[in-house]
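# Chains, contacts and geometry: an overview
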Amino acid sequence: MMREFEGKVALITGAGSGIGRATAQALAEGGAKVMAADLSAEAARESADLCEKAGGVCQATAADVTSAAQVEQMVNRTTEAFGRLDIAVNNAGIGGPAATIADYEEAAWRQVIDVNLIGVWLCMKYELAQMTKAGSGVIVNISSILGLVGFPQASAYVSAKHGVVGLTKSAALEYSGQGIRINSVNPGFIQTPMLEAAGMTPGTEMHEFLVGKHPAGRLGTSEEVAELILWLASDRASFITGGAYLVDGGYVAQ
Ligand code: NAP
């Protein structure tokens, strides 16, 4: 890959697994200095090690995106380590249990909103404080196709991911005059540990059902999502802000 991110500093949340790990690796291969943040310090460290093996400069930090203090510390660690913050990928997320609305446990519903929506806002709050000082920056928030369409038994996740699309649009309006671009990426179903934890492993009935929902005839890969994230984070997307970009094998086109 061309080292088009040379001199840039990138922070990725949920970087210890799936889409976050693939994005950290791709940014490191592209020349960015990468802070890999995750709930699990060990998973973040493993991702940073993989980035370094790929020739990158990476550090790891543990941060729970639902904690303002930990998010602030995560952003501070990034600027202390690398001197600046150019690219933030707010990717940390959870699926939550599958249940209809009447049967959904309140604590579980609140937890999904806390991680998937309030977590993205908290990250932006501290990232933007840094980026506005510099007068430049790019944020990519990871939403979902379920930020654009509904899905049964996933009301908390669907609501949070729709919220991320709206939050992204509002943020773009507030900060585009300050040299900061903010977009969301909306993936279809991607084969990651998140899906596997929900029992959607290849060969299962649920996996076949999900494959059938994608006109491409398969689920996506983390690397395919990372491609779009990197493009939006690059200077090639210089006139693009406030948008929601699909990488979904045609799911939403139906
Ligand atoms: P993943 O493999 O489970 O990775 C998510 C990472 O986020 C995990 O390392 C997880 O840690 C971490 N995390 C969870 N809660 C956190 C918190 N409170 N603070 C910090 N980190 C936290 O999932 P993925 O599939 O790569 O998903 C990445 C993003 O893409 C999510 O926002 C997800 O909603 C979105 N997405 C995924 C799909 C899909 O089909 N896979 C589709 C559309 C959108 P633990 O493992 O320790 O929980």
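Preceding this section is the structure that the text describes.
The paragraphs below set out a description of the structure included in this document. (Residues numbered from 1 in each chain as written. Predicted model: local features only at pLDDT ≥ 70, side-chain atom pairs only at ≥ 80, totals over all residues. Heavy atoms only, no water.)

## Section: the packing of helix 1 (residues 18-29) against helix 2 (residues 41-53)
Counted only if it meets this: Angles shown run from 0 to 180 degrees and are taken between the N-to-C directions of axes, each axis being a line fitted to C-alpha atoms and, for helices, limited to the stretch in contact. The helix count covers DSSP runs of H or I at least four residues long, the strand count covers runs of E at least two residues long, and both are numbered beginning at the N terminus. Roughly parallel means an angle under 35 degrees; roughly antiparallel, over 145; roughly perpendicular, 65 to 115; everything else is oblique. Crossing handedness is read from the near helix: turned anticlockwise from the far helix by less than a right angle, it gives a left-handed crossing, and turned clockwise, a right-handed one. Residues count as neighbours in contact if any of their non-hydrogen atoms are within 4.5 Å of one another. Residues are grouped as follows: Ala, Val, Leu, Ile, Met, Phe, Trp, Tyr, Cys and Pro are nonpolar; Asp, Glu, Lys and Arg are charged; every other residue, Gly included, is polar.
As a packed pair, helix 1 and helix 2 sit with axes 9 Å apart at the nearest point and diverge in direction by 30 degrees. On the basis of the axis angle, helix 1 is roughly parallel to helix 2. Handedness of the helix 1/helix 2 crossing: right-handed. Taken together, the residues of helix 2 that come into contact with helix 1 (itself represented by Arg21, Ala24, Gln25 and Ala28) are Ala43, Glu46, Ser47, Leu50 and Cys51. Of the residues contributing to the contact of helix 1 with helix 2, the split by class is 5 nonpolar, 2 polar and 2 charged.

## Details of the site of the ligand
Heads up, the condition is: The nearness test applies per residue and asks whether one of its heavy atoms lies within 4 Å of the molecule or strand. Polar contact is defined as a pair of N or O atoms within 3.5 Å, subject to the rule that within protein one atom must be able to donate a hydrogen and the other to accept it, and that residues adjacent in sequence are counted only when both atoms are side-chain atoms. Only protein atoms enter the 1 Å grid used here, on which a cavity is any set of points holding a 1.4 Å probe that cannot leave and a pocket is any open set flanked by protein within 12 Å on both sides along at least five of seven lines; residues with an atom within 4 Å of a point are listed as lining. Assignment to a cavity or pocket requires that more than half of a molecule's atoms be within 2 Å of the site's grid points.
Within the structure, the ligand sits among 27 residues, and Ser17, Asp38, Tyr157, Ile190 and Thr192 are positioned closest to it. The separation between a nitrogen atom of the ligand and a polar main-chain atom of valine 65 is 3.0 Å. Isoleucine 190 is positioned such that a nitrogen or oxygen atom in its backbone is 2.8 Å from an oxygen atom of the ligand. In this structure, the ligand is accommodated by the largest pocket. Elements with a minimum of two residues in the shell around the ligand: helix 1, helix 5 (155-175) and helix 6 (193-197). Per-element accounting of the shell around the ligand gives the leading share, 3 residues, to helix 6. In terms of residue class, the shell around the ligand is made up of 15 nonpolar, 9 polar and 3 charged.

## Concerning the side chain of threonine 23
Mapped onto the secondary structure, threonine 23 falls in helix 1. Residues contacting threonine 23, with those up to four places away along its chain left out, are Ile12, Val89, Ala226, Ile229 and Leu230.

## Side note on the pattern of salt bridges
Our working definition: Between Lys or Arg on one side and Asp or Glu on the other, a salt bridge is scored when a side-chain nitrogen of the former is within 4 Å of a carboxyl oxygen of the latter. Relative accessible area decides the class of each residue, using a 1.4 Å probe on protein chains only: under 20% of the type maximum gives buried, over 50% gives exposed, and in between gives partly exposed.
Taken as a whole, this structure holds 8 salt bridges when the rule is applied. Among the ionic pairs, arginine 21 bridges to glutamate 46, the shortest N-O distance being 3.3 Å. In this pair, arginine 21 is assigned in helix 1 and glutamate 46 in helix 2, connecting sequence segments 25 residues apart. Exposure remark for arginine 21: the relative accessible area of 19% places this residue in the buried category.

## Here's the deal with the layout of surface pockets
Inclusion rule: Grid points are joined across faces, edges and corners, and a volume is the space filled by probe spheres set on the points.
Looking at the largest pocket, its volume works out to about 1,200 Å³. Lining the largest pocket are 49 residues; nearest its centre among them are Gly93, Ile94, Gly95, Tyr157 and Met194. Secondary-structure elements contributing two or more residues to the lining of the largest pocket are helix 1, helix 4 (106-134), helix 5 and helix 6. Of the residues that constitute the lining of the largest pocket, the class distribution is 27 nonpolar, 18 polar and 4 charged.

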